[in-house]
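Tertiary structure, described
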Amino acid sequence: MRILTGGFSHESNSFNPIITGEEDFTVVRGSGACDAEVFAGYSSSGIAETLAGAGAEVVPTVLARAIPGGIVSGAFYAAIKEELLEAARGALKKGPIDGACLALHGSMKVEGNICAEGDLCTALRKILPGVPFTAALDMHATITPALLETVDGFAGYKTAPHTDCFETGVLAAKTLLASLSSGKKLYTASQSVPMMLAGEKSETSSEPMASLIGAARDLEKRGDVLAASLLLGFPWADSEHNAVTVLVTGFEENRNALKEAAGDLAETFWKKRGEFTFSAEQYDSRGAMEAAFDAVLERGERPVFVSDSGDNPTAGAAGDATELLETVLSMNLAELPTPLLYSGFYDAPAVSSCIEAGEGAECGITLGGNWDRVSGRKIPLRVRVEKIARSYGPCRADLVLLRHSNMLVSVTSRHIGFGDEGLLSALGVNPADYCLVLVKLGYLEPCFKKIAARAIMAASRGCSCEILETIPYRKVRRPIYPLDPGMDWRPAVQ
Ligand SMILES: [Zn+2]
């Protein structure tokens, strides 16, 4: 039994003007794709290990992924797509392929208004007609008709923050194996819900997501459902396909029961639409900073975390919006018992000026506003270069820690996220030592959540603005909740 594997993942924020290209992607080709350290813990590893564990021959193609950002370069997408397809054609020349299982995101958008996953899977399906084909998806996948037409079975993440990527790959592979071992054809019932949802309202440890995910897990226990997924879509892309989608995969022989299950779960989701709220206390930028200063100075809470949620690079934002920074600079930072720590900014010119000046030197820079010209502007600052760390992480970003007034700021030369504690420790910083920590994140990642005395979300402005009603969508189909709050809807499973 030979199973084709591979993956191509990106979450593309169409409001961010930065085009995500070759230098942003980690790409592993051929046999290296099965056990690449850089993909350990991802769905691609869960797929490969499960298939190999079942005695199948894993036929690798290519794995490519990048952290969220602006839409993907058309030339780069076309090149990786062709590599994957060429590997599939090459594998077919050596013998029959019995199935395919890919690790995808679901919300990758490419220059030219291409929805990547549907386009890629349609092309692969032409090479592999008739064999079972499953895919692992991110919870923030946007389901398109092309994807539904070409892929037989789906498994989506059931946790946010995403801690079950590997397990999702396992389920996608098991779904494929269930079809191959039984000889039964897979079927996926799909029901979209006209709704957009900010990720920060849908943490799975909180209601209503906790019980909705519980309902999906219950479906998987009842016998006829191989995988049940709630795909929430991605609100920071302006797409006609934006919606929440319930997908329930099982065997074709149970088609009607699967449709009914998808419709029921979609209806339950819709009924709870008013219950999705931010899990952290949330204010505009000014209100968030005032609440944070009050927490530190009046209540003695520390460290207090404030998320600069409107400019969250892990949701694809530019990472150089300055609306919250400008608010910070208007506060009396000298009142704070430790420097305010701000992690951080994507600003390659600022990093190179600091590297040129050297550790311990003072220099004049501008911070922010290189890319996000809507919510960012270049803020002139006189800074002292505290620390430089070269070539951090898979993107080999240069990092600097700079001081301005009673504030320390981490700045990166590459568009990377600020959700990992490794970035700060590379700069010799332990966030627990600071009274007030600002992070360009939405919900806090577990490493920050566990040390935060208090978590405040600033609904700041930027390419990942949490207040969806204020985003200037042009392509999103209307009516849709919450843009059309009074709308009514009933499911009609296709
Ligand atoms: Zn996601």
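Residues numbered from 1 in each chain as written. Predicted model: local features only at pLDDT ≥ 70, side-chain atom pairs only at ≥ 80, totals over all residues. Heavy atoms only, no water.

Looking now at the packing of helix 2 (residues 74-94) against helix 3 (residues 116-127). Between two packed helices, both the angle of their axes relative to each other and the distance between the axes serve to describe the pair. Between helix 2 and helix 3, whose axes approach to 10 Å, the crossing angle comes to 20°. Judged by the angle between their axes, helix 2 and helix 3 are roughly parallel. Two packed elements cross with a definite hand, and for helix 2 against helix 3 that hand is right-handed. From helix 2, Tyr-77, Lys-81, Leu-84, Leu-85, Ala-88, Arg-89 and Leu-92 reach across to helix 3, where they touch Ala-116, Asp-119, Leu-120, Ala-123, Leu-124 and Ile-127. Taken together, the residues of the contact of helix 2 with helix 3 break down into 10 nonpolar, no polar and 3 charged. (Axes fitted to C-alpha atoms, helices over the stretch in contact; angles between N-to-C directions. Helix = DSSP H or I, 4+ residues; strand = E, 2+ residues; numbered from the N terminus. Parallel < 35°, antiparallel > 145°, perpendicular 65-115°, else oblique. Left-handed = near helix turned anticlockwise from the far one by under 90°. Contact = heavy atoms within 4.5 Å. Nonpolar A, V, L, I, M, F, W, Y, C, P; charged D, E, K, R; others polar.)

On the protein side, the zinc ion has Asp-138 (OD), Asp-138 (OD), His-140 (ND1) and His-162 (NE2) as donor atoms, found 2.1 to 2.8 Å from it. Here the zinc ion binds 4 donor atoms, and the angle range of 51 to 145° at the metal identifies the geometry as irregular. Mapped onto the sequence, the residues coordinating the zinc ion show the spacing D-x1-H-x21-H. Placement of His-140 in the loop between strand 8 (133-137) and helix 4 (145-150) and of His-162 in the loop between strand 9 (153-156) and helix 5 (165-182) is noted, with a sequence separation of 22 residues between them. The partly exposed category is assigned to His-162, whose relative accessible area is 27%. (Donors = N, O, S within 2.8 Å, 3.2 Å for Na, K, Ca; no water. Tetrahedral: all angles 85-135°; square planar, octahedral: opposite > 155°, others 65-115°. Buried < 20%, exposed > 50% of the residue type's maximum accessible area, 1.4 Å probe, protein only.)

Our next topic: the pattern of salt bridges. Tallied over the full model, the rule gives 24 salt bridges. For Glu-57, the salt bridge goes to Arg-2, with nearest N and O atoms at 3.5 Å. Of this pair, Glu-57 sits in strand 3 (residues 57-59) while Arg-2 sits in strand 1 (residues 2-9), placing them 55 residues apart in sequence. Exposure remark for Glu-57: the relative accessible area of 43% places this residue in the partly exposed category. With relative accessibility at 12%, the residue Arg-2 sits in the buried group. Ionic pairing is found between Lys-184 and Glu-253, a salt bridge with its closest N-O pair at 3.1 Å. Of this pair, Lys-184 sits in the loop between helix 5 and strand 10 (186-193) while Glu-253 sits in the loop between strand 12 (244-251) and helix 7 (255-271), and the two are 69 residues apart along the sequence. Through salt bridges with shared partners, a single network forms among Glu-82, Glu-86 and Arg-89. (Salt bridge = Lys/Arg side-chain N within 4 Å of Asp/Glu carboxyl O.)

Residue position: Asp-138 is located in the loop between strand 8 and helix 4. Despite its burial, Asp-138 remains without a salt bridge, the nearest opposite charge being carried by Arg-65 at 6.4 Å. Among the polar contacts listed, one links the side chain of Asp-138 to the side chain of His-162, at a separation of 3.3 Å. (Lys, Arg positive; Asp, Glu negative; His and termini not counted. Polar contact = N/O pair within 3.5 Å; in protein donor to acceptor, adjacent residues only side chain to side chain.)

Another point: the domain arrangement of the protein chain. Each domain of the protein chain was delimited in the assignment, giving domain 1 (2-275) and domain 2 (281-465). Summed over both partners, the interface of domain 1 with domain 2 comes to about 1,700 Å²; 60% of that surface belongs to carbon and sulfur atoms. Taken as a group, Ile-18, Glu-200 and Trp-236 account for 31% of the area that domain 1 buries against domain 2, more than any other trio of residues on that side. The interface formed by domain 1 and domain 2 contains 2 salt bridges. Between Lys-449 and Glu-203 there is a salt bridge; the shortest N-O distance is 3.2 Å. For the pair domain 1 and domain 2, the number of links is 7 residue pairs in polar contact (both at pLDDT 80 or more). Classifying every residue of the side of domain 1 that touches domain 2 by side-chain character gives 9 nonpolar, 7 polar and 5 charged. (Domains from an automatic or database assignment. Buried area = accessible area lost by both parts, 1.4 Å probe.)

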